[in-house]
Amino acid sequence: MAGIWGSGRAGRVVAAALAAALLGGAAAGCGSAGGQDAAASAAVRTSPVADVLAALPARVDGAKVVVGDPAAPRTAQVLVDPRCGYCAKFEAAGGETLLKLAARGEVKVEYLLASFLDKGGASGSVKAVNALRAAVDEGKFAEYNAAVFASQPEGRFTDELLLRIADAVPGLRGARFDAAVADMTYRGWAAEAEKGFEATGAQGTPVVLVDGKPVGAKDRSMFDAGAFAQTLKGVEIG
């Protein structure tokens, strides 16, 4: 299949390369001082390409959620915290671009969901990561992930908000999902995901790597869908 990158040898992200590439964090993003502690309501929004996202498969692989065809020729790793405002900007632009490519079978996207902004439970990042993990079980991760970032509140994520967002994702709400949100079923998994994020050496979010190479941060193209598509065209495998 002719794609945005053309042809090339597929590669996989390895821990050592990832740590080296991420040292110093993203050029623009959220660091450990971010997050707010005031609860706030938020307008619920969904992705304009929700129909595309609804068809994307997702599975849990250790501390990651992998979206798309496991046999896709290229791998993109995405490091985000649900309460990071820059991550929300990325998801609405570069993130959407990556998922469109995943829908075409050109890339699989590995999400490493951080919660470092949730010091003391102030931001609800752990609650959001727990809910996102629960969405995998219902086959609704990609669509719900996009809606969570699009509906990011000024204050913290609450159970009530996360369930309202889930209402906007057809087929997500149900006894199992609702219980997982209320009971924090995947709190332990969220902690594993945070440890995985910390192990990369990243100092902030968002961070995107394609086959181990950081992309879209220094030139800030990750925050513009068209510019990020052009950036991806220029990514070569070393």
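Residues numbered from 1 in each chain as written. Predicted model: local features only at pLDDT ≥ 70, side-chain atom pairs only at ≥ 80, totals over all residues. Heavy atoms only, no water.

The chain appears in an unreviewed UniProt entry as Thioredoxin-like fold domain-containing protein from Streptomyces xanthophaeus.

Looking only at helices and strands, the chain features nine helices and six strands. Out of the 238 residues belonging to the chain, those deemed buried represent 53%. Considering only residue pairs separated by 6 or more positions, the chain has 79% of its internal contacts joining residues 24 or more positions apart. A total accessible area of about 9,800 Å² is found for the chain, and carbon and sulfur atoms account for 52% of it. (Helix = DSSP H or I, 4+ residues; strand = E, 2+ residues; numbered from the N terminus. Buried < 20%, exposed > 50% of the residue type's maximum accessible area, 1.4 Å probe, protein only. Contact = heavy atoms within 4.5 Å. Areas by Shrake-Rupley, 256 points an atom, 1.4 Å probe, with all protein chains shown as cover.)

A word on the state of the cysteines. One pass over the structure, following the stated rule, counts one disulfide. Cysteine 87 carries a free sulfur, and the closest cysteine sulfur to it, the one in cysteine 84, is 3.2 Å from it. (Disulfide = S-S within 2.5 Å.)

With that settled, the discussion passes to the pattern of salt bridges. A pair can form between side chains of opposite charge whenever their charged atoms are brought close. Going through the model one piece at a time under the given rule, you end up with 10 salt bridges. As a salt-bridge pair, lysine 64 and glutamate 110 come within 3.3 Å of each other at their nearest N and O atoms. One end of the pair, lysine 64, is in strand β2 (residues 64-67); the other, glutamate 110, is in strand β4 (residues 107-113), and 46 residues separate them in sequence. Summarising the burial analysis for this pair, lysine 64 and glutamate 110 share the class buried. One salt bridge in this structure joins arginine 173 and aspartate 178, with 2.7 Å as the shortest N-O distance. Judged by its relative accessible area of 23%, aspartate 178 is partly exposed. Sharing partners across several salt bridges, the network here consists of Asp167, Arg173 and Asp178. (Salt bridge = Lys/Arg side-chain N within 4 Å of Asp/Glu carboxyl O.)

The next thing to look at is the sheet that holds strand β3 (residues 74-80). An order of β1-β2-β4-β3-β5-β6 is seen for the six strands of this open sheet, with the pairing classed as mixed. Taken across any chain shown, the strands that pair with only one partner, and hence form the sheet edges, are β1 (58-61) and β6 (213-214). Against the sheet, helix α8 (residues 187-199) touches β1, β2, β3 and β4, its axis set at about 105 degrees to β4. (Pairing = 2+ DSSP bridges. Axes fitted to C-alpha atoms, helices over the stretch in contact; angles between N-to-C directions.)

The next thing to look at is α8. Residues three or four positions apart in an α-helix share a direction because the helix packs 3.6 residues into each turn. With 13 residues, α8 should cover 18 Å at 1.5 Å per step; its first-to-last C-alpha distance of 19 Å lies within 8% of that length. Three or more residues of α8 are buried, namely Trp189, Ala190, Ala193, Glu194 and Phe197. Viewed end-on, α8 has its buried residues packed into an arc of 145 degrees, placing them on one side of the element. Facing away from the buried side of α8 by over 90 degrees, the exposed positions are Lys195 and Ala199. Against β1, β2, β3, β4 and α4 (125-137) lie the buried residues of α8. (Expected span 1.5 Å × (residues − 1). Arc of directions from axis to C-beta.)

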